[in-house]
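Structural features, examined
This is what each chain is made of:
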Amino acid sequence: MPDLVVIGGGAAGFFGAISAAEAGVKEIVILEKGPEVLTKVRISGGGRCNVTHSCFDPRELSTYYPRGNRSLMGPFHRWQASDTIAWFEHHGVELKTEADGRMFPTTDDSQTIIDALTQAAYTQDIRVRTHCGVTAIRAQDDGSFEIDTATHETIHAKNILVATGGTRIKHARIPAENLEHSLLPPTPSLFTFKIDDPRLTDLQGVSVPQATVKAGKHSATGPLLITHWGLSGPAVLKVSAWGARDLAELDYQFTLQVNWLGDTTPEQAREILTKERSQNGARKIYNKYSPFPGMTRRLWQRLCEEAGVTSEQTWANLTKDQTRKILENVSQARFQVLGKSINKDEFVTCGGVPLKDVNLKTMQSKHQPGLFFAGEILDIDGITGGFNFQAAWTTGHLAGKAIADRQI
Ligand SMILES: Cc1cc2nc3c(=O)[nH]c(=O)nc-3n(C[C@H](O)[C@H](O)[C@H](O)COP(=O)(O)OP(=O)(O)OC[C@H]3O[C@@H](n4cnc5c(N)ncnc54)[C@H](O)[C@@H]3O)c2cc1C
């Protein structure tokens, strides 16, 4: 009987299996439903795999997880981004940091990560079986497990690590549900907003480096991008992640407030306009440049046009009413969101096994000894930037290590 059967051959399953083996667990099998393992790693980060984020303070790291959040501080104290970097380095993979903190293999190729994980699994004699989806699982009186597979086999295991990924797929839910774990319903996170508004027409590709967007009680600051269907970019993705459950309840129909200038207040924006008026009265208002740092001339022109400013109008002739309208369009623009779109095929779901049902030191179920969880099956999700994989490495590692401790 294997000491450990890992269900799911993704990042969390592989890392859990390897961590268990490196800590001394002997007989390990990974059962993967699909024809290939690590398929999400392959397509991740646009084929480059954003492995983790260069954030080395567990407390700060936990703030990037709308679901997980403070509960992850303990797990990150045990395995955080620096441990991930060291592990990959030890296994021959050098990571580099981009300006925004995202970390990728220096090869810019996700195959490097796949090779490191599959090589480590091979070195540790971990058996990997593809086309071997788990169709049912039963806990036995002696504390072991009986697993039925799509290949019509029954496999026994002393410990189980469930790493089946996001629960919008029925197969991913089977092991947890069969073992009487309730699951929070799957809800999309990390999406962009559909907006049909003349203020954005023909501006696709225009972006600002620092905008603040607000959706109800959720707000986020960061780059904002106009697309042909609405708004995207890190600020939108962040607010979609934090507001995932609330926005789903609204069926993705809500008012989005945008401050194109980020943390700049309407008063500070007014001062910028006043200064422009007094210093450059004879200049045309939108012909050459935008007075606000980071705002492109095209966007500035559109916001001016919306306020009724004409192409020939000079700063000296800017009326009070136009100033008020410009400030409103710049700092407090309101857009009606009509739905959501997927961000570059990257979909993450929140939902899954509630963290209150799991011991966060070991990732062991609180209801069923010998049953462990790791990765996206847990109700944990991060914003974009390498945080979702970091959660997979952390929870996989803790589970693997705890399974080894249990064996000894
Ligand atoms: C396009 C895309 C790009 C992404 N890019 C990034 C990125 O660059 N950085 C980042 O941090 N995150 C990224 N993410 C998110 C990241 O991929 C996931 O958070 C991560 O893969 C979760 O790992 P996991 O092992 O928990 O689940 P998965 O990778 O989904 O693996 C679960 C595995 O379990 C298998 N399985 C399911 N049910 C069963 C069953 N009953 N029996 C056997 N096997 C089963 C599935 O077939 C699958 O192979 C991206 C996601 C997508 C979709």
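Residues numbered from 1 in each chain as written. Predicted model: local features only at pLDDT ≥ 70, side-chain atom pairs only at ≥ 80, totals over all residues. Heavy atoms only, no water.

**Some points on the domain arrangement of the chain**
- Structurally, the chain comprises domain 1 (4–187 + 346–407) and domain 2 (191–344).
- Taking only C-alpha atoms into account, the centre of domain 1 sits 40 Å from that of domain 2.
- Listed per partner, the contact involves 15 residues of domain 1 and 11 residues of domain 2.
- Taken together, the two surfaces of domain 1 and domain 2 that pack against each other cover about 960 Å², and 59% of this comes from carbon and sulfur. (Domains from an automatic or database assignment. Contact = heavy atoms within 4.5 Å. Buried area = accessible area lost by both parts, 1.4 Å probe.)

**Observations regarding the sheet that holds strand β13 (residues 207–215)**
- The strand order across the open sheet formed by seven strands is β17-β16-β13-β14-β15-β12-β18, and the pairing between neighbours is antiparallel. The sheet is open, and its two borders are formed by β17 (333–337) and β18 (339–342), each paired with just one other strand. Averaged over all adjacent pairs, the angle separating strand axes in this sheet is 40°, with direction ignored.
- In terms of strand pairing, strand β12 (residues 191–194) meets strand β15 (residues 230–232) through two bridges, oriented antiparallel. By the bridge assignment, Lys-194 is partnered in β15 with Gly-230. (Pairing = 2+ DSSP bridges. Helix = DSSP H or I, 4+ residues; strand = E, 2+ residues; numbered from the N terminus. Axes fitted to C-alpha atoms, helices over the stretch in contact; angles between N-to-C directions.)

**A closer look at the sheet that holds strand β4 (residues 95–97)**
- The three strands lie next to each other as β3-β5-β4, forming an open sheet whose pairing is antiparallel. Only two strands of the sheet have a single neighbouring strand rather than two, namely β3 (52–53) and β4.
- Here β3 pairs with strand β5 (residues 102–105) via two bridges, running antiparallel. What sits directly across from Thr-52, in β5, is Met-103.

**What about the side chain of Arg-129?**
- Its place among the elements puts Arg-129 in strand β6 (residues 127–129).
- Contacts of Arg-129, omitting those with residues within four sequence positions, involve Val-29, Ile-30, Leu-31, Glu-32, Thr-151, Glu-153 and Ile-155.

**Side note on the nonpolar core**
- Core analysis: the biggest nonpolar cluster contains 81 residues, and Ile-113, Leu-117, Ile-160 and Trp-393 have the highest contact counts within it.
- No other element matches helix α13 (residues 387–407), which puts 10 residues into this core.
- Leu-117 has contacts with Phe-14, Phe-15, Ile-18, Leu-38, Trp-87, Phe-88 and Trp-393, leaving out every residue within four places of it along the chain.
- In terms of nonpolar packing, the next biggest core, distinct from the first, is built from 44 residues, Phe-193, Val-208, Trp-260 and Trp-300 among them. (Core = buried A, V, L, I, M, F, W, Y, C linked by side-chain atoms within 4.5 Å. Buried < 20%, exposed > 50% of the residue type's maximum accessible area, 1.4 Å probe, protein only.)

**Section: the packing of aromatic side chains**
- Applying the stated criterion to the full structure yields 16 aromatic pairs.
- Measuring from ring centre to ring centre gives 5.4 Å for Tyr-65 and Phe-76, while their planes differ by 45°; the resulting arrangement is tilted. Of the two residues, Tyr-65 is situated in the loop between α3 (58–62) and α4 (73–78) and Phe-76 in helix α4; the sequence distance between them amounts to 11 residues.
- According to the relative accessible area criterion, Phe-76 is buried, its value standing at 0%.
- Both rings, one in Phe-191 and one in Tyr-252, keep their centres 5.2 Å apart while their planes meet at 85°; by these two values the pair is edge-to-face. With Phe-191 in strand β12 and Tyr-252 in the loop between α9 (244–249) and β16 (254–259), this residue pair connects regions lying 61 residues apart in the sequence. (Phe/Tyr/Trp six-rings, centres within 6.5 Å; stacked < 30°, edge-to-face > 60°.)

**Observations regarding helix α7 (residues 170–178)**
- Inspection of α7 places Ala-172, Ile-174, Pro-175 and Ala-176 among the buried residues, and these make up the whole buried set.
- For α7, the elements touching its buried residues are β1 (4–7), β7 (134–139), β10 (159–162) and β22 (371–373).
- The positive-phi residue at the C-terminal boundary of α7 is Glu-180, with phi of around 60°.

**What about the pattern of salt bridges?**
- Under the counting rule described, the total for this entry stands at 24 salt bridges.
- Measuring nitrogen to oxygen at the nearest pair gives 2.9 Å for the salt bridge that ties Glu-146 to Arg-138.
- For Glu-146, a relative accessible area of 17% gives the class buried.
- Judged by its relative accessible area of 32%, Arg-138 falls in the partly exposed class.
- Note that Lys-325 and Asp-321 form a salt bridge whose closest N and O atoms lie 3.2 Å from each other. With Lys-325 and Asp-321 both in helix α12 (residues 320–331) and four residues apart, this pair spans about one turn of that helix.
- Given the relative accessible area of 31%, Lys-325 is considered partly exposed. (Salt bridge = Lys/Arg side-chain N within 4 Å of Asp/Glu carboxyl O.)

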